[in-house]
Amino acid sequence: MIKGVMFDFSGTLFRVEPTAGWLSAVAAGAGTAATAAELAVWAERLEEAGALPGGASPVRLPEELTELWEARDLSAEDHRAVYTALTRGSGLPWPELVEPLYERHYTPAAWQPYPDTVSTLRELRERGVPVAVVSNIGWDLRPVFRHHGVDGLVDAYVLSYEEGVQKPDAPIFATACEALGLPPEAVLMVGDSREADGGAAALGCRVHFVEHLPVGERPDGLAEVLRLL
């Protein structure tokens, strides 16, 4: 019987803004002189470079960044280093935007909850089902949850950069189960990555997958979670 739920963050509960919106917001804030056409071109190149955390992975990862990429979610420093390197590597003609672009992505304004995120978390709270957020991430996502009014619906946050371990390795799921006060077999893991989130199955957790889609294309992706309880 499922008595607790672990959720992934990006692509499961929240979705980061599109690359075009990310670049446009930062360029506007910096007063960058660029046309809409120029911004569109460079948004595509940043997308190909995988420069937006939470967005698409690099089409071609530079060999010199391979090791850093694999460890990016284990420390805040490595996370910043690899994504700013990818931004620079795209050839972006406005070097003054590199750091602001990185800093934009972890602001609450850059993230939007899926349509059923709030209702699902509220229903779980009403049923007395504890919730943990388990994320491979290099920064503190708690302000995003506070901004959107759902921080009070989460009982524990288990973040890779704080724990020094990342999904799919079992210890990060074990830490979350301990935080919920439940054995793994009583906990459901919900995520969008079969490779990363699927690692919870090795610990004995049940796993449910959702699609990592744009917010408007997944209005009820979490509905099945409530039916599994």
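A. Inspection of the packing of aromatic side chains at higher detail. In this structure the tally under the stated criterion is ten aromatic pairs. Plain terms: the ring middles of Tyr-102 and Tyr-106 are 5.8 Å apart, the flat faces sit at 75° to each other, and that makes the pair edge-to-face. Tyr-102 sits in the buried class, given a relative accessible area of 5%. A relative accessible area of 29% means that Tyr-106 is categorised as partly exposed. Each ring, one from Phe-145 and one from Tyr-157, has its centre 5.4 Å from the other, and the planes form 80°; the classification is edge-to-face.

B. Layout of the pattern of salt bridges. According to the stated counting rule, one finds eleven salt bridges in the structure shown. One salt bridge in this structure joins Asp-8 and Lys-167, with 2.9 Å as the shortest N-O distance. Of this pair, Asp-8 sits in the loop between β1 (4–7) and β2 (14–16) while Lys-167 sits in the loop between α8 (160–163) and α9 (170–180), and the two are 159 residues apart along the sequence. Note on accessibility: Asp-8 and Lys-167 belong to one class, buried.

C. Main features of the packing of helix α1 (residues 19–30) against helix α5 (residues 98–105). Put simply, α1 and α5 touch, their axes get as near as 10 Å, and they point 120° apart. Taken together, the axis directions place α1 and α5 in an arrangement best described as oblique. Judged by the twist between their axes, the crossing of α1 over α5 is right-handed. From α1, Trp-22, Leu-23, Ala-25 and Val-26 reach across to α5, where they touch Pro-100, Leu-101, Arg-104 and His-105. Within the contact of α1 with α5, the residues separate by chemical class into six nonpolar, one polar and one charged.

D. Spotlight on the nonpolar core. If you look at the biggest cluster of nonpolar residues, it comprises 51 residues, and the most contacted ones within it are Phe-7, Phe-9, Leu-141 and Phe-145. For Phe-9, the contacting residues outside a window of four places in its chain are Phe-14, Trp-111, Val-133, Val-134, Ser-135, Ile-137, Trp-139, Leu-141, Val-144 and Phe-145.

E. Quick peek at the sheet that holds strand β7 (residues 206–209). Strand order across the open sheet formed by five strands is β5-β4-β1-β6-β7, with parallel pairing between neighbours. The open sheet is flanked by β5 (156–159) and β7, the only strands paired with a single partner. When strand polarity is set aside, the average angle formed by the axes of neighbouring strands in this sheet is 20°. When strand β6 (residues 187–191) meets β7, the two strands line up parallel, connected through four bridges. Bridge pairing links Leu-188 to Arg-206 in β7. Lying on the sheet, helix α6 (residues 117–126) is in contact with β1 and β4 (131–135); it crosses β1 at an angle near 155°.

F. The arrangement of the pairing of β5 in detail. Neither face of β5 is left uncovered, since the one carrying Ala-156 and Val-158 and the one carrying Tyr-157 and Leu-159 both have all their residues buried. In this structure, β4 lies alongside β5, joined through four bridges in parallel fashion. Along β5, the bridge assignment pairs Ala-132 with Ala-156. Handedness of the β-α-β unit built from β4, helix α7 (residues 142–147) and β5 comes out right-handed.

G. Representation of the environment of Leu-13. Within the secondary structure, Leu-13 is located in the loop between β1 and β2. Residue Leu-13 is classed as buried on the basis of its relative accessible area, which comes to 0%. Taking C-alpha positions, Leu-13 is 9.7 Å from Asp-192, a pair spaced 179 residues apart along the chain. Discounting chain neighbours no more than four positions away, the residues touching Leu-13 are Phe-7, Asp-8, Gln-112, Pro-113, Tyr-114, Thr-117, Val-133, Phe-145 and Leu-222.

H. Inspection of the environment of Pro-18 at higher detail. By the element assignment, Pro-18 lies in the loop between β2 and α1. Pro-18 sits 37 residues away from Gly-55 along the chain, and the two C-alpha atoms are 7.6 Å apart.

I. Expanded view of helix α2 (residues 36–49). Here α2 is 14 residues long and its end C-alpha atoms lie 20 Å apart, about the 20 Å a rise of 1.5 Å per residue gives. Residues of α2 that are buried include every one of Leu-39, Trp-42, Ala-43, Leu-46 and Ala-49, and no others. Buried residues along α2 cover an arc of 120° about the axis, so they all sit on one side. Opposite its buried face, α2 presents the exposed residues Ala-37 and Glu-44, each directed more than 90 degrees away.

Conventions adopted
- Residues numbered from 1 in each chain as written.
- Predicted model: local features only at pLDDT ≥ 70, side-chain atom pairs only at ≥ 80, totals over all residues.
- Heavy atoms only, no water.
- Phe/Tyr/Trp six-rings, centres within 6.5 Å; stacked < 30°, edge-to-face > 60°.
- Buried < 20%, exposed > 50% of the residue type's maximum accessible area, 1.4 Å probe, protein only.
- Salt bridge = Lys/Arg side-chain N within 4 Å of Asp/Glu carboxyl O.
- Helix = DSSP H or I, 4+ residues; strand = E, 2+ residues; numbered from the N terminus.
- Axes fitted to C-alpha atoms, helices over the stretch in contact; angles between N-to-C directions.
- Parallel < 35°, antiparallel > 145°, perpendicular 65-115°, else oblique.
- Left-handed = near helix turned anticlockwise from the far one by under 90°.
- Contact = heavy atoms within 4.5 Å.
- Nonpolar A, V, L, I, M, F, W, Y, C, P; charged D, E, K, R; others polar.
- Core = buried A, V, L, I, M, F, W, Y, C linked by side-chain atoms within 4.5 Å.
- Pairing = 2+ DSSP bridges.
- Right-handed = clockwise from strand over helix to strand, strands pointing away.
- Expected span 1.5 Å × (residues − 1).
- Arc of directions from axis to C-beta.

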